[in-house]
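Residue strings, one per chain:
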Amino acid sequence: MSSNQARINALLRKSLLGELLDTQFNLFSARSKREGHVTNLQALFVNDEALTTDSEYFSSLFSEKTPDDPTVVEFQDYHACEGGISLDEYGYASDSDLDEEEEETDETVQDNEQCAERVSRTVKDFSTKRAQRIIPSRRVLVTDTAFNTWQALLDYLYTGEIVFAPLRSQASKAVRRSSLDEAPPCSPKSMYRLACKIKHVKLQAKALAAIRSSLAEHNILQELSSSLTSRFPAILEMEVEILFQNIITPTIMQDFPTLIQRIAGADLPHGADILTKLHERMLRQHYPRILSPANVSEKTFASECNGSSPSGPFKFNWEPPKKPVTVLW
């Protein structure tokens with residue numbers, strides 16, 4: 001019997017005794033650009049033992065009375081953030097796993113007023129249903145991760161399966177799970193961010209591979225400009241490589257000047273990093289024999305000041321200049 005099947009059998013036996021679920025995670029699932037908030041809190045229910053088997057993050061989280069992670073808050077009946085938090089507090093405004101909340105128009109405002117009485121009649125029923133779903137042992141609010149991403153993470157830790165949705169820059173239709181027989185899809189960028197946070201190296205590699213397979217000439221410049229790229233050097237390195245591979249394609253040749261203008265205008269906080277990495281890649285391509293990586297240290301810096309061979313992020317095979325040649329006319 002595989003370890004995964006043994007885990008499933010243990011969970012089924014716990015369910016017979018009513019001991020299956022230990023913790024309720026609450027996460028935001030939607031974004032309101034007009035209000036600048038993340039909203040629509042949804043719940044996920046887990047068995048602690050099933051998560052701690054393959055995750056040091058959850059082992060630590062469940063063993064502490066007060067979570068060490070400031071973005072994970074344990075509460076009882078109500079938390080002030082339940083109604084929503086700002087995108088700045090959330091920390092990832094462009095999260096693809098957040099659904100876009102429909103903005104109100106004059107028509108929708110009028111419809112809302114007309115159905116206000118009907119909504120008020122359902123509040124009591126809604127509150128009752130919500131109360132029935134509360135697990136008495138532990139309730140946790142996660143303030144920096146979308147519901148879809150966290151659900152995909154928990155599903156992966158349960159089953160070992162992960163499904164990544166296309167990047168929004170690919171202009172593909174959104175992928176939604178059609179049944180419980182399938183793993184819930186999530187953004188590979190959102191999962192990479194979460195996998196780095198919980199230090200899950202294997203999942204991090206899967207997400208990075210999914211991002212790479214989604215990049216091409218039509219979307220690489222857009223992805224290079226994303227906030228996620230500015231935070232993670234591995235993604236920046238990978239995307240610069242894709243850019244270099246497509247540098248003479250018609251799309252890149254047409255749109256690359258726009259990227260340079262944004263960098264020059266200080267619109268991209270990581271603009272200098274993009275140009276530096278691209279320059280390094282060009283040097284590796286065209287000067288492979290004279291270019292070798294070297295670490296900059298105080299010793300090498302001192303030698304440079306004393307007139308020794310130059311060094312830096314790249315060390316050239318430097319030779320003293322030859323004596324000038326005298327030309328007789």
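Computed from a predicted model, the values in this text were never measured in an experiment.

Asks: I'd like a rundown of unusual backbone geometry, residues and numbers included.
Replies: Not every positive phi belongs to a glycine, and Asn40 is a case in point at roughly 60 degrees. Mapped onto the elements of the fold, Asn40 is located in strand β2 (residues 37-46). For Asn40, a relative accessible area of 42% puts it in the partly exposed group. Positive phi values are uncommon outside glycine, yet Ala266 reaches one of about 60 degrees. With respect to the secondary-structure elements, Ala266 resides in the loop between α13 (250-264) and α14 (271-286). Note on Ala266: relative accessible area 65%, which makes it exposed.

Asks: Hey, could you go over the packing of aromatic side chains for me, with residue numbers and the actual values?
Replies: Enumeration over the complete set of coordinates arrives at 7 aromatic pairs. Seen in terms of ring centroids, Phe25 and Phe58 are 6.1 Å apart; in terms of plane orientation they differ by 70 degrees. Their pairing is edge-to-face. With a gap of 33 residues between them, Phe25 in strand β1 (residues 23-32) and Phe58 in helix α3 (residues 56-63) connect regions that are remote in the sequence. For Phe25, a relative accessible area of 0% gives the class buried. The buried category is assigned to Phe58, whose relative accessible area is 0%. Here the aromatic rings of Tyr192 and Phe232 are separated by 5.3 Å at their centres, their planes lie at 85 degrees, and the arrangement is edge-to-face. Of this pair, Tyr192 sits in helix α8 (residues 188-198) while Phe232 sits in the loop between α11 (227-231) and α12 (233-245); the two residues are 40 residues apart in sequence, bridging distant segments of the chain. Accessibility expressed as a relative area gives 3% for Tyr192, which makes it buried.

Asks: How would you sum up the environment of Pro233? Please name residues and give values.
Replies: With respect to the helices and strands, the residue Pro233 is situated in helix α12. Distance from Pro233 to Asp273, taken between C-alpha atoms, is 9.2 Å for residues 40 residues apart in sequence.

Asks: Residue-level account of the side chain of Asp144, with values.
Replies: With respect to the helices, strands and loops of the structure, Asp144 is situated in strand β6 (residues 138-146). Engagement of the side chain of Asp144 in a polar contact is seen with the side chain of Thr71, the distance being 3.4 Å. Side-chain polar atoms of Asp144 contact the side chain of Thr145, separated by 3.1 Å. Among residues more than four places away in sequence, those in contact with Asp144 are Thr71, Tyr90, Arg193 and Lys197.

Asks: Could you give an account of the side chain of Ser55, naming the residues involved and the relevant values?
Replies: Secondary-structure assignment places Ser55 in the loop between α2 (48-52) and α3. Under the relative-accessibility criterion, Ser55 is labelled buried at 4%. Of note is the side chain of Ser55, whose polar atom sits 3.3 Å from the backbone nitrogen of Phe58.

Asks: With reference to specific residues and values, describe the packing of α12 against α14.
Replies: The interhelical angle for the contact between α12 and α14, taken along N-to-C directions, is 55 degrees, at an axis separation of 10 Å. Accordingly, the angle class assigned to the pair α12 and α14 is oblique. Here the hand of the crossing between α12 and α14 comes out right-handed. In this structure, α12 uses Leu236, Glu237, Val240, Glu241, Leu243 and Phe244 to contact α14, whose residues at the interface are Asp273, Ile274, Lys277, Leu278, Arg281, Met282, Arg284 and Gln285.

Asks: Which residues make up the confidence of the model for the chain, and what values go with them?
Replies: Reading predicted coordinates in detail is not appropriate for stretches of low pLDDT. Of all residues in the chain, 75% have pLDDT values of 70 or greater, and the mean over the chain is 80. Scored below 50 in pLDDT, residues 114-133 makes 5 contacts in the model with residues more than four places away or belonging to other chains. Scored below 50 in pLDDT, residues 295-319 makes 27 contacts in the model with residues more than four places away or belonging to other chains.

Asks: Which residues make up the pattern of salt bridges, and what values go with them?
Replies: Applying the stated rule across the entire model yields 10 salt bridges. Two residues, Lys197 and Asp69, come together in a salt bridge whose shortest N-O distance is 2.9 Å. Separated by 128 residues along the polypeptide, Lys197 in helix α8 and Asp69 in the loop between α3 and β3 (72-75) bring together distant segments of the chain. Relative accessible area serves as the criterion here: at 23%, Lys197 is assigned to the partly exposed category. By relative accessible area, Asp69 is classed as buried at 15%. Through salt bridges that share partners, Arg31, Glu100 and Arg168 make up one connected network.

Asks: I'd like a description of the pairing of β2, backed by residues and values.
Replies: Taken together, the 9 bridges between β1 and β2 define a ladder with antiparallel strand orientation. Bridging across to β2, Gln24 finds its partner in Phe45. Of the pairings in the sheet, the one linking β2 to strand β4 (residues 85-86) comprises 2 bridges and is antiparallel in character. Opposite Val38, over in β4, you have Ile85 as the bridge partner.

Parameters and conventions
- Residues numbered from 1 in each chain as written.
- Predicted model: local features only at pLDDT ≥ 70, side-chain atom pairs only at ≥ 80, totals over all residues.
- Heavy atoms only, no water.
- Helix = DSSP H or I, 4+ residues; strand = E, 2+ residues; numbered from the N terminus.
- Buried < 20%, exposed > 50% of the residue type's maximum accessible area, 1.4 Å probe, protein only.
- Phe/Tyr/Trp six-rings, centres within 6.5 Å; stacked < 30°, edge-to-face > 60°.
- Polar contact = N/O pair within 3.5 Å; in protein donor to acceptor, adjacent residues only side chain to side chain.
- Contact = heavy atoms within 4.5 Å.
- Axes fitted to C-alpha atoms, helices over the stretch in contact; angles between N-to-C directions.
- Parallel < 35°, antiparallel > 145°, perpendicular 65-115°, else oblique.
- Left-handed = near helix turned anticlockwise from the far one by under 90°.
- pLDDT = per-residue confidence, 0-100.
- Salt bridge = Lys/Arg side-chain N within 4 Å of Asp/Glu carboxyl O.
- Pairing = 2+ DSSP bridges.

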